[in-house]
Structure formats: structure tokens, C-alpha cells
Amino acid sequence: MLQLKNISKSYTTGSFTQTALNDVSLDFRKNEFVAILGPSGSGKTTCLNIIGGLDQYDSGDLVINGASTKAFKDSDWDAYRNNSVGFIFQSYNLISHLSITDNVEMGMTLSGVSADIKHRKAVEALEKVGLKDHIHKKPGQLSGGQMQRVAIARALANDPDIILADEPTGALDTVTSEQIMELIKEIAKDKLVVMVTHNPELAEAYADRIVQFRDGKVISDTNPPADLKTNANYQLKKTAMSYFTALKLSGKNISTKKWRTALTAFASSIGIIGIALILSLSNGFDKQISSYESGALSNFPVTISETAAQIDMSNPPGAQMEEADKKWTEFTDAAEVYPYDPTANTVLHTNELSQEYLDYLDKIDHALLDGVSYSRKVNMNILRSDGETAVPVDTASLNFTTYPDKPAGTEGSYLADYYDLLAGSLPEQPTDLVMVVDEYNRMNQSILEALGFDYNAANVSFDDVVGREFKLIYNDDYYTEADGMFKLNGNAANLSEMYNSANAVTLKISGIIRKQQDSPMSTMSAGIAYSDSLAEQFIKNAQGSAIVQAQEQQDQVNVLTGKVFSQIGGVDMSGMQMGMGMGMGGSSASTDPGNANSQEAALAALGAVATPSSISLYPKDFGAKENLVAYLDKWNDNHSKEEMIVYTDLAAMVTSLSSGIMDGITMVLIAFASISLVVSLIMIGIITYISVLERTKEIGVLRALGARKKDITRVFNAETCIIGSLSGLLGIGIAYLLTIPVNIILKSITDLSNVAQLNPLHAFGLVVLSVGLTMLGGFIPAKFAAKKDPVVALRSE
Ligand code: ADP
Ligand code: MG
């Protein structure tokens, strides 16, 4: 059945080599009770460990059922120990944190026996050793004899062929020893029992055969077998510990060290808490910023006006200015005054807001926009009077446009929301005009001149402005027909008549407004603005007027002057000139219909159509703005330089500033919090290492029961996995609770509510991170545990 053939084994410690076994040859029968006697240090334990596959021989062979073990791999030895051998140790070697049934079941657990069979067999084995009534106890609650009985039950439970007992009664009193010997003798009826003892009386009394050892050699054998029957078909069932078993083992171990585990988990959760809080804060601030951004963006439209400063990327404005400024020196001593045109270095581009372009804008994806607002202009006939004489007001000089309405979908009034009222009241009637001044309360001289103020004065009182009246004269009163042609209705006297006639509509400046200080966007430039309904009213009237109807019939000749229209390259020169004038703040280009060079221009000059003067597109958010701008750029890509539409993107600067700042801050903070993660990584490594040291005996027992190296690694990985999950969950829980006071504090400081919000995805990620890092920290100690020599492990205290 089992043969030792010329087995030798020696241990080398340092330069000293101790021979433990010296050419030992022994044969064993299938069933017999062999006692090995010998003085201490004679090699008995070493022999037993070699028989049990716990220790490896240096030379010779161990033959099991006729099969040599020379070619055995680690896994074969593991399986051999698990299937064929049951160990009984002097110091019982029970795993103290497992119940006695779990202890007895362990060998079967390792070979994957199902739970109910395992349990039945364990209970049977415990009954057999007389512990029926103690099944639910833990090893610590038993006497020495009872513990040894548990160890015997454990050795028997997996029904091995060989039971190896190393001084099983060494720690027991005489009476208990005899009971244990009886038990072992009983077992030996159908198994091979090899028992080491230094008690010759016990050996004599119970064993069938006594082998004497001395100095690593067999010196006597009372009953060696004559011949051996061998059974060649020897099969071993490989063992493997399931992950669940590993978890259960570690879980039970951890539960015996609750405080240590709790403190470890808490300490290593601190990094997780830090990161979770930082993430939840940056989460919240991100949300706040993006809601602020979308709020701010409604004040930052992309604006298309009739004129725009051309931004030429190959020649940016800054560079131009620098170049221009070089002509003059600061604080010069020269006795000269230099003529200077401040607009000379700004390249102005005229945006031709053609119908085609307006249609193009109309086709924009409306999901990108919060709204669109237009301001437009209508040429009206306006008179002012100093009480005696009335004169026409040159509306081209006035920057005379409608004030935009608020973008659709937003509430409130454009003027009330984006402008401060400086004097008077906001327009209430359609005939109320409003004066828009710039942030310095400035007003272009030419506008003041056109309105009849003394533009040379240092200042103009608000009181002089508010309440000032003008008269709107409809076309049919303004022009008279003679022989199919039209002319201005009469002379200066007639203008006064017109001014005072009942048909004249009184327009009144109701108030003065200025853009709000922190509302960075107000699309109106300084000038006089009027309501859309006034524009509608005039257009409607103009379209019914005789002069407009006559002009509509006539597409070759200007009905006012009789001049033939001339156009250059399809571009309406007068329109262009007009646009330039507006942009320059009223360099008095005329809106006189007499100057119109096309039918279209003439109709516009007669107030029959409105022309857009500026369009403001309000994007939904930054992403939408990018798409919007891309859409506008697409037009420019497909058109010539003249037809290009230059827009003003006020948000661009803000965008580049605010995006990324939050990300940067978050990264830095996380880097700091990660330091505590590294610290906990090291700590977990140390704790696991301590645990490995503490559980060395357990490692030895598990190996003796057939656990593979892998299984040992698994047990410790399971332990770190549990600690990692605990610390991750604890960290997330604490971080979640901390967001409550953090939000209260932030609310009181910044008035922002619910800033800190823990994203569930982040929470999950952090638990995974915690498990991963903890397992990483425990990995090396776990590997170290697996490498432990089972013999050394079992010898350890
Ligand atoms: P016994 O069980 O008969 O008392 P052992 O088999 O334990 O003796 O030991 C035999 C000899 O081998 C002893 O001299 C012991 O010191 C030595 N020995 C046993 N195990 C080791 C080991 N792991 N390292 C070094 N020497 C060892
Ligand atoms: Mg010994």
C-alpha cells in the first residue's frame, strides 16, 4: 500500500546540515496501527510529514499503491494530502475562529464536497469521536481531549486511507490519552494509522507494530510486512477552494477582530471620503457653473450688426494698434498737434444683411437657441420744430432703430431687464421714443445735432431731453405728385404747416436709458430707439402711400428724382454707404429716397420695408454656441470677403476663462486626497502582513488538509477584499453624510444650495477603487503567505 524506499532528508540552516532521515525504508500494510518510537530529534515527525506529503524527501522514493511520487507536482501533493491522508497533531491545530463542524468540514470544503453531504459526514465523524453534544461549540470552548477528538474527526471526515498522528496524546492526561488511543485503535481497523509517540507503554498496549527510530534511521521493526499487495489504479481528486469558501473563512476571521477591522476600514476610508467629497463638490460647482453659464449666455448673444470690426486673424487688432502707435511718442517735446483719426486702425466691415442671409439664419437648428432678437429700422419722415420753423430730422444720423424685444421664451421686457432708466419713463405708448446713451452718458454729437440740441455745449440736461417732441409725417402728406413724378411737399412754411397739421403723429422722448453695469450685453448702441409697433404702423401706412405704389410700378427710375437706377455689380451702393454711416455713429449719410440707386433701396428709403439693423442670437449653452458659431462660419466659408458676415461673440472670452478652471482645481485636490489613499495602501499591506503572521498556523493546517498555494492567496485576498469593500462603503457613507453639513455651510456662505452632490457612479467607482487598492496592498503579503512551507507553518506557535 505505502512504501518508503531509501528516503533521506536533511535540513540545512546556515552552514550546518542536520540529517533528519538517513536512508529509511519502510513498507506499510493497508490496515494496521503502526507506532513510531524514538528519542526526540530522531526524525519521527520528519518521517510522518514525508509520508503525509507535507514535506518533500531529498532522495529515495515514496511509493503509493505502487505508484512513484518522484514526478509529483505541487497539485498532486495537495490532492494526495486532501484525499488520502488525515493528520492528527499533538497541539490539535484547530482553526480557532471556525466552529468545530466547520473545522471538521474543511478538508471536504477544499475538495468541493456539497454542503449537505459535507455537513452530514462531519456530524457522523463528530458522533464517532463522541462529540455529538458539542457540535455547535467553538474549539476554545472544549477541553484538550475534546479538541483532539475534533482533530481526529477532522482527519476521518474525508475518509482517507492513511491517518498520521504525531504524538496525539502528548498534551493529554493518562485517562484521556487512553480514551484517545482506543479511538485511534478503532479507526485502525480499516485504515493505515501511523502514530508517533514517545510513550512505549501506550505503543505496546495499542499498536500492531512498533518501529524504532534513532538518529534518522530505523533500528527495529516488530512486524514488517512480508509481501505487499498493490492496487495500481490509484486516482487522486484535485482540490480547489472556492472563492466563497475563501470569503467565508476570511469573514469569520475578520469577525473575531471587529475593532481592528473597523479601525482599519475607517483609516483607509479617509482617502475615499476625501475624494468623494471633492468629486461631489466639483460635481455641484460644475452644475452651478454651467447653470450660471447658461444664465450668463442669455446675456451674451452672438450679435450680427450692420457693421463690425473686422477681426483679421493674420493681422489682429492689437498688432495693428501697436504698429499705429509707433508713429507717436509718449509725452513728446514736439511743439505740434497731430491730427488723429481713432477709427483709422479699426477695419470696419459692412455686413450685408441680405434676404438670402436672413433665410440662411432662419434655417439654423432652433434647438441651439434660447431665442433671437432683432432690431430693425424703418425710414420715417420726421420733423422737429423750434416753435416757429420746422425742419426734417435726418434719421440716418440718429441711429434710429427699434429696440429689440426679449428673445422668445424669456420673460420680462428687454429695456427693463437690460437697461437702467436714467430719466423719464420707459416707453409705454407706441409713439414713445427712448434715448440710449453709452456707459459714459455720451451721445454722438451728430445725433444731438439732428435732434436739435446745442451739440457744442459741454452737456445737455436730462430735463431738456425728456419730453422733447417730434412729428411723424406720413408719405402722402410729405410728398406730392405732379405729372407722375413726386416731390417734397412745398417749402419751409409748408413744413411748419405739416408739423402742426392734425395728420402729424406726435413722437415723444419718454426717457433716457443706459446699459446696466453688470449686464455685459445690451445690443443697442447710443441713439434713439422706438417701438416695433411704431415701425409696423409706419410701414403699413407707407405701403399704401401714393409714392410707394408709384415706385413699386417703376423699377427703372427713381420716382422722386427721375434718375435711372444704376447698380454696380449687384451691390446697392447707397445701402452700403448708409450702413457705414450707421456704424461710424452717424457721419450723416443720407436716407434721402432721392439718393436711392435701386427700386429696392428707394422703397426702403420711403419706409415701405424695414431693414434689419442687428440680429442677436442667444445660444442655449456653450456647446450650442459652438455649433451656432460653426453654422455662421459655414456661410463665410462659402462667400467672398465682401459678402462675409462678421459677428461679435462676446461670450468667447468668458468661455475660455471659465472652462477648465474647475477641472484643474478638482485634479489638484484629488491628487492631495490620493496621498491618503497611498498611505492606506501601505497600511493595508502591513495589516495583511500581520494577519499572515497571526494565521501562520492556520496556513499550515489548511495546507495539511490539501489547500493549494493559490487557495492560501485567495484566503488573504478575500480578507483584503472584505476590508476594501468595508472601507469603500464606509467612506462613501461618511462622505454622503458629510455633504449635508457641507451644503449647510456653503449655503450660509455662498447662498448656493445643494452644491455637494455625490454622483452614484462616482460612489460606485470609489468603492471599486478602494477594493482594488486594498487588494493591491494585501497582494504581496498574501503571496508571501502562500509561499510558507507548511511544515514550518505548523511548527510555528
Ligand atoms: P522528532 O520528531 O523525532 O523529535 P524531528 O523529525 O522533528 O524529530 O527532527 C529531526 C531532526 O531534524 C532534528 O534534529 C531537528 O532539529 C531537525 N529538523 C527538523 N525539522 C527541521 C527544520 N525545519 N529545519 C531544521 N532542522 C530541522
Ligand atoms: Mg517530533
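Cut-offs and rules
- Residues numbered from 1 in each chain as written.
- Chains lettered and ligands numbered in written order.
- Predicted model: local features only at pLDDT ≥ 70, side-chain atom pairs only at ≥ 80, totals over all residues.
- Heavy atoms only, no water.
- Patch = residues over 30% accessible without salt bridge, like charges linked within 9 Å, V, L, I, M, F, W, Y side chains within 5 Å.
- Areas by Shrake-Rupley, 256 points an atom, 1.4 Å probe, with all protein chains shown as cover.
- Salt bridge = Lys/Arg side-chain N within 4 Å of Asp/Glu carboxyl O.
- Helix = DSSP H or I, 4+ residues; strand = E, 2+ residues; numbered from the N terminus.
- Buried < 20%, exposed > 50% of the residue type's maximum accessible area, 1.4 Å probe, protein only.
- pLDDT = per-residue confidence, 0-100.
- Contact = heavy atoms within 4.5 Å.
- UniProt positions renumbered as here; feature names shortened; annotations may be inferred.
- Near = heavy atom within 4 Å.
- Polar contact = N/O pair within 3.5 Å; in protein donor to acceptor, adjacent residues only side chain to side chain.
- Nonpolar A, V, L, I, M, F, W, Y, C, P; charged D, E, K, R; others polar.
- Pairing = 2+ DSSP bridges.
- Axes fitted to C-alpha atoms, helices over the stretch in contact; angles between N-to-C directions.
- Phe/Tyr/Trp six-rings, centres within 6.5 Å; stacked < 30°, edge-to-face > 60°.
- Lys NZ or Arg CZ within 6 Å of the ring centre and 35° of its normal.

### Description of a nonpolar patch on the surface
Here comes step 1: Taken together, the side chains of Ile661, Ile665, Val668, Leu669, Phe672, Ile675 and Val679 make up a nonpolar region of the molecular surface, amounting to roughly 660 Å² of accessible area.
Here comes step 2: Along the chain, Ile661 turns up in helix α24 (residues 661–694).
Here comes step 3: Looking at Ile661, the relative accessible area reads 47%, which means it is partly exposed.

### Digging into the environment of Leu693
Here comes step 1: Take Leu693: it is sitting in helix α24.
Here comes step 2: Between the C-alpha atom of Leu693 and that of Pro781, which follows or precedes it by 88 residues, the distance is 9.4 Å.

### Quick notes on the confidence of the model for the protein
Here comes step 1: Of the residues in the protein, 86% reach a pLDDT of 70 or more, and the chain-wide mean stands at 82.
Here comes step 2: The spread of mean pLDDT over the elements of the protein runs between helix α20 (residues 573–583), the lowest at 36, and strand β9 (residues 209–214), the highest at 95.
Here comes step 3: Across residues 311–325, confidence stays below pLDDT 50; counting only partners more than four residues off in sequence or on other chains, it has five contacts.
Here comes step 4: Low pLDDT, under 50, characterises residues 338–344; the predicted model gives this stretch four contacts beyond four residues in sequence or across chains.

### Describing the UniProt feature "transmembrane region" (unreviewed entry) in the protein
Here comes step 1: Under the feature "transmembrane region" (unreviewed entry), the UniProt entry names residues 665–693, 714–740 and 760–780.
Here comes step 2: Secondary structure within residues 714–740 divides into 100% helix and 0% strand; the distance between the first and last C-alpha atoms comes to 39 Å.
Here comes step 3: End C-alpha atoms of residues 760–780 are separated by 32 Å, and the span's content is 100% helix alongside 0% strand.

### So, the site of ligand 1
Here comes step 1: The immediate surroundings of ligand 1 are formed by Tyr11, Gln18, Ala20, Pro39, Ser40, Gly41, Ser42, Gly43, Lys44, Thr45, Thr46 and Arg795.
Here comes step 2: In the model, an oxygen atom of ligand 1 is placed 3.5 Å from a nitrogen or oxygen of the Gln18 side chain.
Here comes step 3: Note that a nitrogen atom of ligand 1 is positioned 3.1 Å from one of the side-chain N or O atoms of Arg795.
Here comes step 4: Summarising the interface, the protein chains cover 76% of the accessible area of ligand 1, which totals 550 Å² for the free molecule.
Here comes step 5: Of all the secondary-structure elements, those providing two or more residues to the shell around ligand 1 are β2 (16–28) and α1 (44–51).
Here comes step 6: Looking at the shell around ligand 1, the element that brings in the most residues is α1, giving three residues.
Here comes step 7: Of the residues belonging to the shell around ligand 1, the class tally is three nonpolar, seven polar and two charged.

### Details of unusual backbone geometry
Here comes step 1: Its identity as a non-glycine residue notwithstanding, Asn6 has a phi of 50°, on the positive side.
Here comes step 2: One can find Asn6 in strand β1 (residues 2–13).
Here comes step 3: When its relative accessible area of 41% is taken as the criterion, Asn6 is described as partly exposed.
Here comes step 4: Of note in this structure, Asn754 is not a glycine but carries a positive phi near 55°.
Here comes step 5: Looking at where Asn754 falls in the secondary structure, it is placed in the loop between α26 (709–750) and α27 (760–787).

### Points about the sheet that holds strand β4 (residues 59–64)
Here comes step 1: Spatial strand order, β2-β1-β4-β5: four strands in an open sheet with antiparallel pairing. This sheet does not close on itself; its edge strands, each paired only once, are β2 and β5 (67–68).
Here comes step 2: One ladder, built from nine bridges, connects β1 with β2; its direction is antiparallel. Pairing of Thr13 across the sheet is with Phe16, part of β2.
Here comes step 3: Its contacts with the sheet put α1 on β1, β2 and β4, and the angle it makes with β1 is roughly 120°.

### Some points on the pattern of salt bridges
Here comes step 1: All told, the structure shown has 21 salt bridges when counted by the stated rule.
Here comes step 2: Note that Asp78 and Arg703 form a salt bridge whose closest N and O atoms lie 3.5 Å from each other. One end of the pair, Asp78, is in helix α2 (residues 74–84); the other, Arg703, is in helix α25 (residues 696–704), with 625 residues separating them in the sequence.
Here comes step 3: Looking at Asp78, the relative accessible area reads 4%, which means it is buried.
Here comes step 4: For Arg703, a relative accessible area of 5% corresponds to the buried category.
Here comes step 5: Three or more residues are tied together by salt bridges with common partners; here these are Arg29, Glu32, Arg209 and Asp221.

### Description of the packing of aromatic side chains
Here comes step 1: For the structure shown, the criterion picks out eleven aromatic pairs.
Here comes step 2: Taking the centre distance of 5.2 Å and the plane angle of 90° together, the rings of Tyr478 and Tyr479 count as edge-to-face. The burial state of Tyr478 is the same as that of Tyr479; both residues are buried.
Here comes step 3: Lying over the aromatic face of Tyr499, Lys471 brings its terminal NZ or CZ to 5.2 Å of the ring centre.
Here comes step 4: Directly above the ring of Phe716 sits Arg695, whose terminal nitrogen or CZ lies 5.2 Å from the centroid.

### Topic: the sheet that holds strand β8 (residues 192–196)
Here comes step 1: Read across the sheet, six strands follow the order β6-β7-β8-β3-β9-β10 without closing on themselves; strand pairing throughout is mixed. In this open sheet, the two edge strands, each paired with only one partner strand, are β6 (85–88) and β10 (217–221). Averaged over all pairs of adjacent strands, the angle between their axes in this sheet comes to 20°, without regard to strand direction.
Here comes step 2: Relative to β9, strand β3 (residues 32–37) runs parallel, the two being bridged by four bridges.

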